[in-house]
Amino acid sequence: MNKIGIIGGTFNPIHNGHILLANYCKEKLNLNKIIFIPTYTPPHKSDKDLVSEVHRLNMCSIAVQNFEDYLVSDIEIKRKGKSYTYETLTNLKEIYPDDSLYFITGADMFLTLEKWKNPNVIFDKAIIAAVPRNRMDFEVLNSHYINFLKPLGATACIFDEPVLSVSSTFIRENIDNYDLIESLIDRNVYEYITKNNLYRK
Ligand code: ATP
Ligand code: MG
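In this report, we go over the structure that sits alongside the text. Here the structure is a predicted model, which means the values were calculated and not measured. (Residues numbered from 1 in each chain as written. Chains lettered and ligands numbered in written order. Predicted model: local features only at pLDDT ≥ 70, side-chain atom pairs only at ≥ 80, totals over all residues. Heavy atoms only, no water.)

### Comments concerning the site of ligand 1
Now for step 1: The local shell around ligand 1 holds 21 residues, among which Asp-108, Arg-133, Leu-164, Ser-168 and Thr-169 are the closest.
Now for step 2: Within the side chain of His-15, an N or O atom sits 2.8 Å from an oxygen atom of ligand 1.
Now for step 3: In the environment of ligand 1, a nitrogen atom lies 3.0 Å from a nitrogen or oxygen atom belonging to the backbone of Val-166.
Now for step 4: Contact with the protein chains hides 94% of the accessible area of ligand 1, taken as 600 Å² for the molecule alone.
Now for step 5: The residue inventory of the shell around ligand 1, partitioned by class, reads six nonpolar, 11 polar and four charged. (Near = heavy atom within 4 Å. Polar contact = N/O pair within 3.5 Å; in protein donor to acceptor, adjacent residues only side chain to side chain. Areas by Shrake-Rupley, 256 points an atom, 1.4 Å probe, with all protein chains shown as cover. Nonpolar A, V, L, I, M, F, W, Y, C, P; charged D, E, K, R; others polar.)

What follows is the structure, given as structure tokens:
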């Protein structure tokens, strides 16, 4: 039996916070592999800055190329339509029936999970791992789990230290200031962005 971490997101673009989130959960939870799954059309984002799913998928592949246990899946992109996590986890459980799935989220996503479509299916298929995005998050995450998610059947591991305070929004807003974002994004992903003229106003 393997333990597989799943990280869903827009990855617009993928940054070192996503990679450190994966590294941290892999080590703490003893995961065998991690699958990054870029969304097709995110259900809760109508973002004019959202670049095509092909670009987002390519950037994810570039960012994980030196990690042998990290994969990128186009399962949501191929499915098209709105990307629902309950459907993705149902599909993955069919592909990996004997493995345990860990759905890895940052604090912001964890705090909305009960509002996602069919949260009971999500909680049935996967254990949830939650990582703070800043120092204040731990207590909030814990009480959200106890008050909202546990009563819906969730099992969660909540960690108490943030990995790296960065967001894709910050990267997009500072795309022309490489000195500022150099330590926050993979060099080859940055080159891909430049070559394809992404996120420039
Ligand atoms: P945006 O600013 O566009 O929303 P983002 O940085 O939040 O981008 P997403 O693709 O929305 O990236 O996030 C995918 C998943 O990774 C989510 O569960 C999110 O909470 C988590 N995540 C993103 N950045 C971090 C970070 N620095 N630390 C911990 N979790 C993170
Ligand atoms: Mg986000």
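Let us keep going from here.
### Brief notes about the pairing of strand β5 (residues 126–131)
Now for step 1: Where burial is concerned, most of β5 is hidden: five out of the six residues are buried.
Now for step 2: The pairing of strand β4 (residues 100–106) with β5 spans six bridges and is classified as parallel. Following the sheet pairing, Phe-103 is matched in β5 by Ile-128.
Now for step 3: As judged from the three bridges shared by β5 and strand β6 (residues 156–158), these two strands associate in the parallel manner. (Buried < 20%, exposed > 50% of the residue type's maximum accessible area, 1.4 Å probe, protein only. Helix = DSSP H or I, 4+ residues; strand = E, 2+ residues; numbered from the N terminus. Pairing = 2+ DSSP bridges.)

### So, helix α2 (residues 53–64)
Now for step 1: With 12 residues, α2 extends 17 Å from end C-alpha to end C-alpha; this agrees with the ideal 16 Å at 1.5 Å per step.
Now for step 2: Looking at the buried positions of α2, the neighbouring elements they touch are α1 (16–29), β2 (33–38), β3 (70–72), α3 (75–79) and α10 (187–195). (Expected span 1.5 Å × (residues − 1). Contact = heavy atoms within 4.5 Å.)

### Observations concerning the environment of Asn-16
Now for step 1: Tracing the backbone through its elements, the reader meets Asn-16 in helix α1.
Now for step 2: Excluding residues within four positions of it along the chain, Asn-16 makes contact with Leu-164, Ser-183, Leu-184, Ile-185 and Asp-186.

### Considering the side chain of Asp-99
Now for step 1: Looking at where Asp-99 falls in the secondary structure, it is placed in the loop between α4 (85–95) and β4.
Now for step 2: Leaving out residues up to four positions away in the same chain, Asp-99 has contacts with Met-1, Asn-2, Ile-4 and Lys-93.

### Observations regarding the pattern of salt bridges
Now for step 1: Per the counting criterion, the structure on display carries eight salt bridges.
Now for step 2: Note that Lys-78 is salt-bridged to Asp-74, the shortest N-O span being 3.0 Å.
Now for step 3: Judged by relative accessible area, Lys-78 falls into the exposed class, the value being 62%.
Now for step 4: In this structure, Arg-200 engages Asp-176 in a salt bridge whose closest nitrogen and oxygen atoms are separated by 2.6 Å. Highlighted residues: Arg-200 in the segment after α10 and Asp-176 in the loop between α8 (168–173) and α9 (178–181), separated in sequence by 24 residues.
Now for step 5: Accessibility expressed as a relative area gives 29% for Arg-200, which makes it partly exposed. (Salt bridge = Lys/Arg side-chain N within 4 Å of Asp/Glu carboxyl O.)

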